[in-house]
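Given next are the chains, with one letter for each unit.
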Amino acid sequence: MGRPHRFHVDLPLTPGAGSVVTLASPIAHQVARVLRMRSGDVIHLFDGKGGEWRAFIQIGGGNAATATLDTFLADPTPVGSVVLCLGLLKGEKFDWVIQKSTELGIAHIVPMVTERSLPGSGRPDRWHRIAVEASEQSGRTTIPEITPPMPLRDALNFQPNQSDPARRLICWEDERTVPFLAPVRLARGTGTPVFLYVGPEGGFSASEVDLAVGSGAQAVSLGSLILRSETAAIAAVTLAMHAI
Ligand code: SAH
């Protein structure tokens, strides 16, 4: 048997074994009609706040289904916190980065308005949906938070948990001496969140890099070749997730 299907739902405030959860109609439809599950089959439910429940489903009449929580399961989401701040890209490229970085375990995504980013306010509802689907698919039990787009200057000061100092790295193709992993390794095991700044298709301007460095970020290189933004973003997230 394959892995149980996983669904992101609202769980009761204090979920416990035996709690009955009514499945909203899109999920009930998916379970009963699309997957053709039967009463007694096992699914996994998570609410995005950490942790996951194994549950048994009961198919009712029409399109109704409920699930009875059974056992609480450990949380496989990586604990190290990586935040990706990425200049706004064309829609489908930004969507792709959200999906892939969610699979890799990113904690936060900050879309950035920069000098050369594409104009537009982004698509927060669509981004959230992509992050939920990628979380369901990848086994993680938390949904990465995606902030509304903000200017680079604000992203450089963004601090989801006020108390944590952060290590901030700006990926810059003209940085020739500092390899990406060196500063990330300093954050290993410290719980310090690592913020990664990646520019849009046209890159960061020199004054933006100056602004970042002036506010405490470190410029780092992802190698001697020029990567597209989405490649740079995924390479940086992958390296950081494994190094901290
Ligand atoms: N300046 C170029 C390329 C921008 S690449 C241009 O004008 O077209 C887009 C983004 O990817 C950059 O802003 C940077 O954050 C990141 N990037 C690409 N290649 C990189 C490298 N070798 N090292 C570090 N960052 C890189």
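Source: prediction; values computed, not measured.

Draft legend 1. Representation of the packing of aromatic side chains within the structure. Tallied over the entire structure, the rule returns three aromatic pairs. Summarising the aromatic geometry, the rings of Phe-158 and Phe-195 are spaced 6.4 Å apart at their centres and angled 70° between planes, so their arrangement reads as edge-to-face. A residue pair is termed long-range when its members are at least 10 positions apart, and Phe-158 in the loop between α4 (152-155) and β10 (167-171) and Phe-195 in strand β11 (residues 194-198) qualify at 37 residues. Both residues of the pair, Phe-158 and Phe-195, count as buried. A cation sits over an aromatic face here: Arg-6 above Phe-46, 4.3 Å from the ring centre. Directly above the aromatic system of Phe-195 lies the positively charged group of Arg-168, at a separation of 4.2 Å from the ring centroid.

Draft legend 2. Structural context of the domain arrangement of the chain. According to the domain assignment, the chain contains domain 1 (6-72) and domain 2 (82-243). If you average the C-alpha positions of domain 1 and of domain 2, the two centres end up 34 Å apart. The partner domain 2 presents nine residues to the nine residues of domain 1 that form the contact. Of the roughly 640 Å² buried between domain 1 and domain 2 on both sides combined, carbon and sulfur atoms contribute 56%. Interface area lost by domain 1 to domain 2 is led by Arg-6, His-8 and Phe-46, which between them contribute 67%.

Draft legend 3. Spotlight on the nonpolar core. By size, the foremost hydrophobic cluster in this structure holds 33 residues, and its most contacted members are Leu-84, Leu-86, Phe-180 and Leu-196. Those elements that provide at least two residues to this core are β6 (82-87), α2 (91-104), α3 (124-138), β10, β11 and α7 (229-243). Looking at this core, the element that brings in the most residues is α7, giving eight residues. Filtering out sequence-adjacent residues up to four positions away, Leu-86 remains in contact with Phe-94, Val-97, Val-110, Pro-111, Met-112, Val-198, Gly-199, Ser-229 and Ala-233.

Draft legend 4. Structural detail: the site of the ligand. Around the ligand, 19 residues are found, and the nearest of them are Cys-171, Glu-173, Leu-222, Gly-223 and Leu-225. One of the backbone N or O atoms of Gly-202 is found 3.2 Å from an oxygen atom in the ligand. The fraction of the free accessible surface of the ligand (560 Å²) that becomes covered by protein chains is 83%. The residue makeup of the shell around the ligand, split by class, is eleven nonpolar, six polar and two charged.

Draft legend 5. Seen up close, the side chain of Thr-192. Assignment of secondary structure puts Thr-192 in the loop between α5 (181-186) and β11. For Thr-192, the side chain forms a polar contact with the side chain of Thr-190, separated by 2.8 Å. Those residues in contact with Thr-192 that lie beyond four places of it in its chain are Ser-81, Pro-165, Ala-166, Arg-167 and Ala-187.

Draft legend 6. Broad picture of the pairing of strand β7 (residues 108-113). Along β7, five of the six residues are buried, which leaves the element largely enclosed by surrounding structure. For the handedness criterion, the β-α-β arrangement of β6, α2 and β7 is classed as right-handed. Bridging between β7 and strand β8 (residues 145-146) involves two bridges; their strand directions are parallel. If you follow His-108 over to β8, its bridge partner there is Glu-145. Pairing of β7 with strand β9 (residues 150-151) involves two bridges; the strand directions are parallel. If you follow Met-112 over to β9, its bridge partner there is Met-150.

Draft legend 7. Structural view of the pattern of salt bridges. Going through the model one piece at a time under the given rule, you end up with eight salt bridges. Close ionic contact of Asp-95 with Arg-126 constitutes a salt bridge, the shortest N to O distance being 2.6 Å. Of this pair, Asp-95 sits in helix α2 while Arg-126 sits in helix α3, and the two are 31 residues apart along the sequence. Judged by relative accessible area, which is 32%, Arg-126 ranks as partly exposed. Through salt bridges that share partners, Lys-93, Glu-201 and Glu-230 make up one connected network.

Draft legend 8. Spatial organisation of the sheet that holds strand β5 (residues 65-73). Strand order in the open sheet formed by five strands is β1-β3-β4-β5-β2, with mixed pairing between adjacent strands. The open sheet has two free edges, formed respectively by β1 (6-8) and β2 (20-22), since each of these has just one partner strand. Here the strands of the sheet are splayed against their neighbours by 40° on average, with no regard to which way each runs. Sheet analysis places strand β3 (residues 42-46) next to strand β4 (residues 52-59), joined by four bridges and oriented antiparallel.

Conventions adopted
Residues numbered from 1 in each chain as written. Predicted model: local features only at pLDDT ≥ 70, side-chain atom pairs only at ≥ 80, totals over all residues. Heavy atoms only, no water. Phe/Tyr/Trp six-rings, centres within 6.5 Å; stacked < 30°, edge-to-face > 60°. Helix = DSSP H or I, 4+ residues; strand = E, 2+ residues; numbered from the N terminus. Buried < 20%, exposed > 50% of the residue type's maximum accessible area, 1.4 Å probe, protein only. Lys NZ or Arg CZ within 6 Å of the ring centre and 35° of its normal. Domains from an automatic or database assignment. Contact = heavy atoms within 4.5 Å. Buried area = accessible area lost by both parts, 1.4 Å probe. Core = buried A, V, L, I, M, F, W, Y, C linked by side-chain atoms within 4.5 Å. Near = heavy atom within 4 Å. Polar contact = N/O pair within 3.5 Å; in protein donor to acceptor, adjacent residues only side chain to side chain. Areas by Shrake-Rupley, 256 points an atom, 1.4 Å probe, with all protein chains shown as cover. Nonpolar A, V, L, I, M, F, W, Y, C, P; charged D, E, K, R; others polar. Right-handed = clockwise from strand over helix to strand, strands pointing away. Pairing = 2+ DSSP bridges. Salt bridge = Lys/Arg side-chain N within 4 Å of Asp/Glu carboxyl O. Axes fitted to C-alpha atoms, helices over the stretch in contact; angles between N-to-C directions.

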